[in-house]
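# Architecture and fold: a report
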Amino acid sequence: MVLEQLSMVAERDDTLAREFSERNTIVAQLHSSAAEIEHLKLLIAKLRRMQFGWALRASRVAQMMAELSAQGALDQGLLQRH
């Protein structure tokens, strides 16, 4: 009877140890995934800022080209008048 109870307790302890180990593995995977997700969020934010920066620069360049083009047209018009 006592040996039977000890055997059941040992089996329960083994099962609990296995479950605890599996739980720790899953928790570690979740922490790793959470860290990776945060890293990706930061990377996406950085890429968006870069994209916005390029779009803003492209807009400024286009505006400057239009101004230079208009200035060139004005200069040509002045030259043709004289």
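First, a word on what this report is: a plain description of the structure on this page. (Residues numbered from 1 in each chain as written. Predicted model: local features only at pLDDT ≥ 70, side-chain atom pairs only at ≥ 80, totals over all residues. Heavy atoms only, no water.)

### Some thoughts on the overall build of the chain
To keep it simple, the criterion reads: Numbering goes from the N terminus for both helices and strands, where a helix is a DSSP run of H or I of at least four residues and a strand is a run of E of at least two. Remark: exposure states derive from per-residue accessible area (1.4 Å probe, protein chains only) relative to the maximum for the residue type, with buried under 20%, exposed over 50%, and partly exposed in between. Surface exposure here means Shrake-Rupley accessible area, sampled with a 1.4 Å probe, where a residue is shielded only by the protein chains that are shown.
The helix and strand inventory of the chain stands at one helix and zero strands. Each of the 82 residues in the chain was classed as buried or not, and the buried ones make up 1%. Put simply, the chain shows about 7800 Å² of open surface, and 64% of that area lies on carbon and sulfur atoms.

### A word on the packing of aromatic side chains
Keep this limit in mind: Centre distance within 6.5 Å is the pairing criterion for rings of Phe, Tyr and Trp, where only the six-membered ring of Trp is used; planes under 30 degrees apart are then read as stacked, over 60 as edge-to-face, and the remainder as tilted. Over a ring means this: the NZ of a Lys or the CZ of an Arg is within 6 Å of the ring centre and within 35 degrees of the ring normal.
Under the counting rule described, the total for this entry stands at zero aromatic pairs. Taking the ring centre of Trp54 as reference, the NZ or CZ of Arg57 above it sits at 5.0 Å.

### A few points about the pattern of salt bridges
Our working rule: The term salt bridge refers to a pairing of a side-chain nitrogen on Lys or Arg with a carboxyl oxygen on Asp or Glu at a separation within 4 Å.
The final tally for this structure, using the stated rule, is two salt bridges. Asp13 is the salt-bridge partner of Arg12, the closest N and O atoms lying 3.5 Å from each other. Among the salt bridges present, the one from Glu38 reaches Lys41, with a minimum N-O distance of 3.4 Å. Here the residue Glu38 and the residue Lys41 both occupy positions in helix H1 (residues 2-81), the gap between them amounting to three residues, near one helical turn.

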